[in-house]
Amino acid sequence: MPKREHDRIRSADSAMRKKETKSMYKNFMEKEIDIVALGELLIDFTEAGRSSSGKKLFEQNPGGAPANCLAACARLGGKSAIIAAIGNDFFGKFLKRKADEINIDTKWVQTSSENTTLVFVSVDDAGERDFAFIRNPGADTQIRLGTEEENLIQRTKILHFGTLSLTHNPAYTATRQAVACAKSNNVLVSFDPNYREALWKSCSEAKEQILWGLSVADIVKMSEDELNLATDCGHDINAGMQQILSLGPKEIYVTAGSKGAYFANVSQHGFTEAYCVNAIDTTGCGDAFMGAILYQKCYQPQKNIVERTIMANAAGAICATRPGGMCAMPTAQEVDMFINDNKC
């Protein structure tokens, strides 16, 4: 083929791709809801000191990783909605009321005959969390997807989910249907494994579902332990992220607690240090991080992956200074002030 003809075809092909990208972006921005999450809305019982006799006290807080992520987005100013299932009990009523107060749209929260799922979160002297679930099977496993829920997904920019909805049916089937609906309607898919060993029959079963989630996701957030579980790269974070990207995601974030966060996409990878804060409750910090990432995808698309990670680190740091997970999420103004006050 003559060079001139080859260049003409390349130029036409490039123009077509730019036109398709512009059309996809326009379609994305015209969606009326920013983030829809499918998954657990549950009670977190978090440590709240000790009684006069020295026994641990636990405080009731609204929680669930997908719900926390939505709360982060909503507090920053985004529009979010949740597809979840709660029990017909006072815990369920409490969860719905708290989600409404944070401006998470709860029209698609279903009521189950199962009890609302509860989890007790204990922290050891080294700061490591331990989870005890009361879930047999628990209302959060009873999510079903119907026409109304599919219509909701079609109207959103991003669908977010984790693996807790993949441990039992009917939530397992609902999750698979939701992702298929998102994929067929040009909805970005966001995935945070949120692996909880006690909820799985085996590690291999959990890994199988995590790998499926990674294969359908556009945006991924994982912990270092989850990355190690999903890949064969040991402690080589960058190699692990590249392995995840090879499965299909466009970008990945690996949170590393008080150290900071790793990030990677097809063109770059790196690490941003965490902000130094006096942490009192780390429940929901990773969800604050992910909610901030997704908010920026919707409202600040001009930012690069480094800038997004810096803001997400700030949101997670602020969350750590407050008790309560879902209720600890910062506003956009608080994040901006925090970043300005902590510039080098």
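Bear in mind that the values here come from a model prediction, so they are computed numbers and not experimental data. (Residues numbered from 1 in each chain as written. Predicted model: local features only at pLDDT ≥ 70, side-chain atom pairs only at ≥ 80, totals over all residues. Heavy atoms only, no water.)

Asker: Explanation requested: the overall build of the chain in the structure shown.
Answerer: From N to C terminus, the chain includes eleven helices and 14 strands. Taking 20 Å as the expected radius of gyration for a compact globule of 344 residues, we find that the chain reaches 20 Å, a close match to that expectation. Its C-alpha atoms put the chain at 85 × 50 × 40 Å along the principal axes. Here the chain holds 344 residues, and the buried ones make up 51% of them. The contacts in the chain between residues at least 6 apart in sequence include a share of 69% that link residues at least 24 apart. Carbon and sulfur atoms make up 49% of the accessible area of the chain, which amounts to about 16,300 Å² in all. (Helix = DSSP H or I, 4+ residues; strand = E, 2+ residues; numbered from the N terminus. Rg over C-alpha atoms; globule rule 2.2 N^0.38 Å. Buried < 20%, exposed > 50% of the residue type's maximum accessible area, 1.4 Å probe, protein only. Contact = heavy atoms within 4.5 Å. Areas by Shrake-Rupley, 256 points an atom, 1.4 Å probe, with all protein chains shown as cover.)

Asker: Where do I start with the sheet that holds strand β8 (residues 129-134) in this structure?
Answerer: Backbone-to-backbone hydrogen bonds join strands into a sheet, with any given pair of strands oriented parallel or antiparallel. The four strands are arranged β3-β2-β7-β8 in an open sheet whose pairing can be described as mixed. The open sheet is flanked by β3 (56-63) and β8, the only strands paired with a single partner. Sheet twist, expressed as the average angle between the axes of neighbouring strands with direction ignored, equals 30 degrees. As paired elements, strand β2 (residues 42-50) and β3 share seven bridges and run antiparallel to each other. Along β3, the bridge assignment pairs R50 with K56. The strands touched by helix α3 (residues 90-101) are β2, β3 and β7 (118-123); relative to β3, the strand with the most contacts, the crossing angle is about 55 degrees. (Pairing = 2+ DSSP bridges. Axes fitted to C-alpha atoms, helices over the stretch in contact; angles between N-to-C directions.)

Asker: Quick question: what am I supposed to make of the packing of aromatic side chains here?
Answerer: Given two aromatic rings, one states the distance between the centres and the angle between the planes to describe the pair. Under the definition given, this model contains eleven aromatic pairs. When the centroid spacing of 4.4 Å and the interplanar angle of 45 degrees are considered together, the rings of F90 and F91 count as tilted. Relative accessible area serves as the criterion here: at 60%, F90 is assigned to the exposed category. Relative accessible area serves as the criterion here: at 15%, F91 is assigned to the buried category. A ring pair is formed by F161 and W212, whose centres lie 5.8 Å apart and whose planes are at 55 degrees; its orientation type is tilted. Of this pair, F161 sits in strand β9 (residues 156-161) while W212 sits in helix α6 (residues 203-216), placing them 51 residues apart in sequence. Like F161, the residue W212 is buried in the burial classification. An aromatic cluster of three or more residues is present, and its members are F45, F58, F90, F91 and F120. Between R176 and the ring centre of W212, over which it is positioned, the NZ or CZ distance is 3.9 Å. (Phe/Tyr/Trp six-rings, centres within 6.5 Å; stacked < 30°, edge-to-face > 60°. Lys NZ or Arg CZ within 6 Å of the ring centre and 35° of its normal.)

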